[in-house]
Every structure is written in structure tokens, then in C-alpha cells.
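# Breakdown of the fold
The residues making up each chain are set out below.
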Amino acid sequence: MWKDAPVYVTIIMIAFLIPHTLTGLLAMICAKLPFGIGEVLPLVHSGEWTKNGEATVEGPNVRVWGVRQACVGLSFLFGLVFGTKESYMVALGVFVSRCYLDVIVEIVEQKRWWLAGAFFATGSLGLAALIVAALA
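These numbers were taken from a predicted model, which means no experiment stands behind them. (Residues numbered from 1 in each chain as written. Predicted model: local features only at pLDDT ≥ 70, side-chain atom pairs only at ≥ 80, totals over all residues. Heavy atoms only, no water.)

## Digging into the packing of aromatic side chains
Tallying each qualifying case throughout the model produces five aromatic pairs. A ring pair is formed by W2 and Y88, whose centres lie 5.4 Å apart and whose planes are at 80 degrees; its orientation type is edge-to-face. With a gap of 86 residues between them, W2 in the segment before α1 (7-30) and Y88 in helix α4 (residues 85-110) connect regions that are remote in the sequence. Relative accessible area serves as the criterion here: at 11%, W2 is assigned to the buried category. (Phe/Tyr/Trp six-rings, centres within 6.5 Å; stacked < 30°, edge-to-face > 60°. Helix = DSSP H or I, 4+ residues; strand = E, 2+ residues; numbered from the N terminus. Buried < 20%, exposed > 50% of the residue type's maximum accessible area, 1.4 Å probe, protein only.)

Spelled out as C-alpha cells, the structure:
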């Protein structure tokens, strides 16, 4: 870990490392969101999909969503392991980019305003940590 990191920055790194990595890995392994998460938070399309009469796929975009989640979480892990200011900033930059790009998708395409707000709020926490890290 970056020994001179501001406490807020390290808290954000760890706080978002855990849920992103765990939900991402679970989605990749299970092909659906476990523990009823999919019913509570409609983040991915559940159900089945069949292409040209071939095999049916359950939760067609769950695994790819899981990959994106895990990548964000692992960027935090690598940032903490490498332990430099720059590695923290790269991990936070990945997180902020993902959040704000999700805001755009939610506003333009999905029209889930509450989720756009949630992504904006978490992205703003990450942006604040990025700015604090850059100024440290």
C-alpha cells in the first residue's frame, strides 16, 4: 500500500475493491446474480436467450457484466499491491470512468434515473478520492 496515501483514498480503494471483485467473480461463475441480487437490483438482463435455434443461454449478459465488475475490483487490488501514488490514481481513474460512462448509458438508453444517480454518486466519491490522491 502507498504509505503516504490519505486515509480517505485508501478507504475508497478498499471499500470498492471488495464488492466489485466479489460480485464480478460470482456473476462470472454463476451466470446469474446470486442471493436474489438480480431481483432487488435489475442491473443485468435475466432470463434466457436463444440465437438461431441453438443452445439457450441463461442470463446472456451476466458474465460480461461480471467481467467488467471484476476488472474494476482487480484494478483496486493491483493499485493497493503496487502501492504507489500512480497505481492508486490509475485504479481510481478506471473506477470513475466506469461510473460516469454508466451514467451516460443509463440516461441515454436505459432511462433508469435512480441507477444513473447511484452511479453518479459513487463516481463522485471516486473522483474526490482521485483528486485527493493527485494533490497528495
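Now that the structure has been shown, the text picks up again.
## Structural notes on helix α3 (residues 62-82)
Over its 21 residues, α3 extends 30 Å from the first C-alpha to the last, a length consistent with the 30 Å expected when each residue adds 1.5 Å. Of the positions making up α3, those classed as buried are V62, W65, G66, Q69, A70, V72, G73, S75, F76, G79 and L80. Its buried side turned inward, α3 meets α1 and α4. Immediately beyond the C-terminal end of α3, within one or two residues, lies G83, with a positive phi of roughly 65 degrees. (Expected span 1.5 Å × (residues − 1). Contact = heavy atoms within 4.5 Å.)

## Notes on the pattern of salt bridges
Applying the stated rule across the entire model yields two salt bridges. Residue R112 pairs with E106 through a salt bridge whose shortest N-O separation is 2.8 Å. Judged by its relative accessible area of 18%, R112 is buried. Of the residues examined, E106 reaches a relative accessible area of 4% and is grouped as buried. (Salt bridge = Lys/Arg side-chain N within 4 Å of Asp/Glu carboxyl O.)

## Side note on unusual backbone geometry
A negative phi holds for most residues other than glycine; trans holds for most peptide bonds. The backbone of K111 sits at a positive phi, close to 60 degrees, despite the residue not being glycine. By secondary structure assignment, the location of K111 is in the loop between α4 and α5 (113-135).

## Some thoughts on the confidence of the model for the protein
Mean pLDDT for the protein: 87, with 82% of residues reaching 70 or above. The least confident element of the protein, judged by mean pLDDT, is helix α2 (residues 37-40) at 60; the most confident is α5 at 96. (pLDDT = per-residue confidence, 0-100.)

## Comments concerning the packing of α1 against α5
Where α1 meets α5, the closest approach of the two axes is 9 Å, and the angle between their N-to-C directions is 140 degrees. With respect to each other, α1 and α5 are oriented oblique. For the crossing formed where α1 meets α5, the hand is left-handed. Contact with α1, carried on its side by Y8, V9, I12 and F16, involves T122, L125, A128, A129, V132 and A133 of α5 and no other residues of that element. When grouped by side-chain class, the residues that make up the contact of α1 with α5 number nine nonpolar, one polar and no charged. (Axes fitted to C-alpha atoms, helices over the stretch in contact; angles between N-to-C directions. Parallel < 35°, antiparallel > 145°, perpendicular 65-115°, else oblique. Left-handed = near helix turned anticlockwise from the far one by under 90°. Nonpolar A, V, L, I, M, F, W, Y, C, P; charged D, E, K, R; others polar.)

## Describing the side chain of S75
Topologically, S75 is positioned in helix α3. The class for S75 is buried, based on a relative accessible area of 14%. A polar contact is formed between the side chain of S75 and the backbone oxygen of V72, at a distance of 2.6 Å. Once residues lying within four places of it in the same chain are set aside, the contact partners of S75 are A91 and V94. (Polar contact = N/O pair within 3.5 Å; in protein donor to acceptor, adjacent residues only side chain to side chain.)

## A closer look at the nonpolar core
Core analysis: the biggest nonpolar cluster contains 18 residues, and V9, M13, F76, Y88, L92 and F95 have the highest contact counts within it. Looking at this core, the elements that each hand over two or more residues are α1, α3, α4 and α5. Residues contacting M13, with those up to four places away along its chain left out, are F76, G79, L80, Y88, A91 and L92. (Core = buried A, V, L, I, M, F, W, Y, C linked by side-chain atoms within 4.5 Å.)

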